[in-house]
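Structure at a glance
Spelled out from the first residue to the last, the chains are:
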Amino acid sequence: MKKYLIALLAFQLSSTLLFSQRQMESLDRGLIAIKENGRFYVGWRVLGTDADNLAFNLYRKSGNNTPIRVNDKPITGATNLIDEKANPTKDNTWFVKTVVDGFEKDAKGSFSIPANSPDKNYLSIPLKGIEGYTPNDLSVGDLDGDGRYDLVVHMAGIGKDNSFKGISDTPIFQAYTLDGKFLWEINLGKNIREGAHYTQFMVYDLDGDGIAELVCKTADGTTDSANNVVGDATKDWRDLNPKSATYGKILQGPEYLTVFDGKTGKIVNTVPYIPERGDIGKWGGKGGNGKNDRTGNRVDRFTACIAYLDGIHPSVVMCRGYYGRIVMAAWDFKDKQLTSKWVFDSKDGSNPFSGMGNHGLSVADVDNDGKDEIIFGSMVVDDDGKGLYTTGFRHGDALHVSDLDPEIPGQEVFGVHEIEEGTKGPGVALFSAADGKVLFTAMDDEDVGRGVAANIDSTRVGAQMWWSGSNGLYDIKGNKIGEGPKSTNFLIYWDGDASREILNSNYIDKYGKGRIFTAEGARSNNGSKSTPGLSADILGDWREELILRSEDNSELRIYSTTIPTTIRQYTLMHDSQYRLAIAWQNVGYNQPPHTSFYMGTGMKPAPKPNIKLVP
């Protein structure tokens, strides 16, 4: 067995080196400085393409004085420090330079804190408010090509779950720089319904020109930043009969997929949406909640993602259905045009993939061929659009994909499953991402709503698992090892070790230690799910930022850790799987991102990403 594992690992290493490089964002150093208790924490990013021995010098310019070097000798370890000598009564600007063989080179990115600024542990992004709307899910992308992430904010008014009738507000997107500059606004119009299962949007640089695009489903009346309109603005396809079973729903009229320019917010290309509704009464299938309906509940369940289906270029994948019929449509974007790549269709209840989708999804190269697969709950679709396998465990609300067990080659999938309407099966399952081999199950024939898997116990190697309906914490082999956290919602890398912390609502807990951070005056989204606007490694070193809305919805607040770390790790955004997870984080029931490699206590150095920075 040992010989087999050694041979497999050798093959994986050698084959990875042969794969073509993935197109990835060219980022600046993401430098950030935070004033806390009169001193300044400064952090910056290592790129995935940096040499392991690359060193840095940190400089501070105070007022009109000549910049001085903060560190005594070049920094070869973790990219953060406490600058205790900075004068808080002066304008302070920090920047870094790379050091190679004793020679310095300028690096993009600086951060300034004005004189006598108050201690504030967040960046403020003032919002252009819309009456009756609140900032909800976010995504990031470099919208202007400067190497810094910008924010795309889903401004949400009244939304409706697809299982309920009623009129919703129109979904609106706004874009901002991290400096708080408003860029543009897009209104999807009255023919796009607002709701967690309906309005999915992808932000990513699809064509490699250094400018991220926004891609989403559109309809008659969608209006871009320059008042250009998709389709016919005079059309209203909503059911406006209050006595109708489909009141407020949009089950007629054309459907489109539109690419918007990230820099301007203008329409670039619009094509007919795949798949079309067809017969709305034929979207059922097998399993719990698998029956057909004619009220638009099953036909209008949407998810979406970005995946490197050819191993080099990102494609956008738009998905429809998960209780029964499941259709995924992959698209490429080149020369400002969307072209269909492939379509996966489970068609009906006789198909083993029917009803196996989730309220969310993940993307990973599960078979180590350099190309991505789409993990959709209990099923996996290969890079060529063909079904790879299914466990048969049906749909669920939570999904986690990563190298959860570092003792086993490859990645694992942990998820919870809804067991209802007479169905049978495990409420919790862990299986091999490569082939669906079941590794652990629990909660037989019980409906489990939420669950999480990650290394949160800094005294143990490997991920731990916990879920609603059980007060236990389990190791990745399925052994109960203690009491589980009370929260089963989100995760974040925040303190100085490689283990993950527990993010819920506006606070962060360390397993076994309790509360370590509270974002006073800020709020999470989506009710009891308590999800952030976004949690992602967008600034500083490899730790993740937490983006929440203020209590009065007037601003977004970007919180970044001020806890020093000795761990040097390239930015998680240059691990392709993690970066793609940031793109799909806003989809359905939001889930935390994971890396393609095991990250936690006892981790080995992260493998160098096989990426090419563009443009």
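Per-chain numbering applies: the sequence of each chain, read as written, is numbered from 1 onward. Given that this is a predicted model, residues contribute local features only at a pLDDT of at least 70 and side-chain atom pairs are listed and counted only at 80 or more, while totals for whole chains, interfaces and linings are drawn from all residues. Here the side-chain values reflect all heavy atoms present in the structure, with hydrogen atoms and water set aside.

Under an unreviewed UniProt entry, the name given to the chain is Rhamnogalacturonan lyase, and the organism recorded is Flavobacterium zubiriense.

Re the overall build of the chain
Numbering of helices and strands starts at the N terminus; helices are DSSP runs of H or I of at least 4 residues and strands are runs of E of at least 2. Helix and strand counts for the chain come out as two helices and 42 strands. Values of the radius of gyration come from C-alpha atoms, whereas the globule rule sets the reference at 2.2 Å times the count of residues to the power 0.38. A compact globule built from 615 residues should have a C-alpha radius of gyration of about 25 Å, and the chain, at 24 Å, falls within 12% of that. With respect to the three principal axes, the spread of C-alpha positions in the chain is 70 × 65 × 45 Å. The buried label applies to any residue whose accessible area, calculated with a 1.4 Å probe on protein chains only, is under 20% of its type's maximum; exposed applies above 50%, and partly exposed to all values in between. Within the span of the chain, comprising 615 residues, buried residues form 60% of the whole.

Overview of the side chain of D83
By secondary structure assignment, the location of D83 is in strand 6 (residues 80-83). Look at D83 and you get buried, because its relative accessible area is 2%. For the purposes of these results, a polar contact is taken to be a pair of N or O atoms within 3.5 Å, where, inside protein, one atom must be able to donate a hydrogen and its partner to accept one; residues adjacent in sequence count only when each atom of the pair is a side-chain atom. Of note is the side chain of D83, whose polar atom sits 2.7 Å from the side chain of R60. One polar contact links the side chain of D83 to the main-chain amide nitrogen of A86, over a distance of 3.4 Å. Between two residues, a contact is recorded if the distance between any of their heavy atoms is within 4.5 Å. If we ignore the near neighbours within four places in the chain, the residues touching D83 are R39, F40, V42, R60, V70 and W94.

Digging into the nonpolar core
In terms of nonpolar packing, the biggest core is built from 62 residues, with F173, M328 and M379 touching the most fellow members. Filtering out sequence-adjacent residues up to four positions away, M328 remains in contact with V317, M318, C319, W342, V343, F344, I374, F376, M379 and V381. Here, nonpolar core means buried Ala, Val, Leu, Ile, Met, Phe, Trp, Tyr and Cys residues that are tied together by side-chain atoms lying within 4.5 Å of each other.

As for the sheet that holds strand 36 (residues 507-510)
Between any two strands, at least two bridges found by DSSP are needed for them to pair. One open sheet holds the four strands; their spatial order is 34-35-36-37, and the pairing between them is antiparallel. The two strands at the open ends of the sheet, each matched to only one other strand, are strand 34 (490-492) and strand 37 (514-518). Averaged over all pairs of adjacent strands, the angle between their axes in this sheet comes to 35°, without regard to strand direction. Pairing geometry for strand 36 and strand 37, over four bridges, is antiparallel. If you follow I508 over to strand 37, its bridge partner there is F517. Axis geometry follows a simple rule: fit a line to the C-alpha atoms, using only the stretch in contact for helices, then measure angles between N-to-C directions, giving values from 0 to 180 degrees.

A closer look at the sheet that holds strand 28 (residues 426-432)
Reading across the sheet, the four strands line up as 26-27-28-29 and stay open at both edges, with antiparallel pairing between neighbours. Of all the strands in the sheet, the pair left with one neighbour each is strand 26 (399-402) and strand 29 (438-444). Strand-to-strand twist in this sheet, taken as the mean axis angle between neighbours without regard to direction, amounts to 10°. Inspection of the sheet shows strand 26 paired to strand 27 (residues 412-416) by four bridges, in the antiparallel sense. Within strand 27, the position partnered with V401 by the bridge is V413.

Notes on the confidence of the model for the chain
Within the chain, residue pLDDT values average 95, and 97% of them lie at 70 or more. Considering only residues more than four positions removed or in separate chains, one finds that residues 1-17, a stretch of pLDDT under 50, has seven contacts. Per-residue confidence from the predictor is reported as pLDDT, which spans 0 to 100.

Quick look at the side chain of D475
By the element assignment, D475 lies in strand 32 (residues 472-475). In this charge count, Lys and Arg are treated as positive and Asp and Glu as negative; neither His nor the chain ends contribute. Whenever Lys or Arg places a side-chain nitrogen within 4 Å of a carboxyl oxygen from Asp or Glu, that contact is recorded as a salt bridge. Salt bridges are absent for the buried D475, whose nearest opposite-charge side chain, R460, sits at 5.2 Å. Setting aside chain neighbours within four positions, we find D475 in contact with A463, M465 and I481.

Examining the pattern of salt bridges
All told, the structure shown has 33 salt bridges when counted by the stated rule. Notably, a salt bridge pairs R148 with D179, separated by 3.2 Å at the nearest N-O pair. Here R148 is found in the loop between strand 10 (134-141) and strand 11 (150-156), whereas its partner D179 is found in the loop between strand 12 (172-177) and strand 13 (182-187), with 31 residues between them in sequence. R320 is the salt-bridge partner of D300, the closest N and O atoms lying 2.8 Å from each other. Placement of D300 in the loop between strand 17 (267-272) and strand 18 (302-307) and of R320 in strand 19 (residues 315-320) is noted, with a sequence separation of 20 residues between them. Of the two residues, D300 and R320, neither departs from the other in class, the shared state being buried. A single network of salt bridges, built from pairs that share partners, joins K217, E255, R277, D300 and R320.

Re unusual backbone geometry
In the segment running from I274 into P275, the intervening peptide bond is cis, with an omega of 5°. Here P275 shows up in the loop between strand 17 and strand 18. Here the residue pair V614 and P615 is connected by a cis peptide bond, since its omega of 5° sits within 30 degrees of zero. One non-glycine residue, E421, lies in positive phi territory at about 55°.

Here we look at the pairing of strand 18
With respect to burial, strand 18 is a largely interior element, six of its six residues being buried. Burial along strand 18 is two-sided: F302, A304 and I306 and T303, C305 and A307, pointing in opposite directions, are all buried.

Remarks on the environment of G262
For G262, the location among the structural elements is in the loop between strand 16 (255-261) and strand 17. With 119 residues separating them along the chain, G262 and L143 place their C-alpha atoms 4.8 Å apart. Residues within four places of G262 in sequence aside, it is in contact with L143, W184, I211, A212 and E213.

Comments concerning the state of the cysteines
Two cysteine sulfurs form a disulfide in these notes if their separation is within 2.5 Å. Applying the stated criterion across every chain, the model contains zero disulfides. Residue C216 stays outside any disulfide, its sulfur separated by 15 Å from that of C319, the closest cysteine. A relative accessible area of 1% places C216 in the buried class. Of all cysteine sulfurs, the one in C319 lies closest to C305, which takes part in no disulfide; the gap is 5.2 Å. For C305, a relative accessible area of 0% translates into the label buried.

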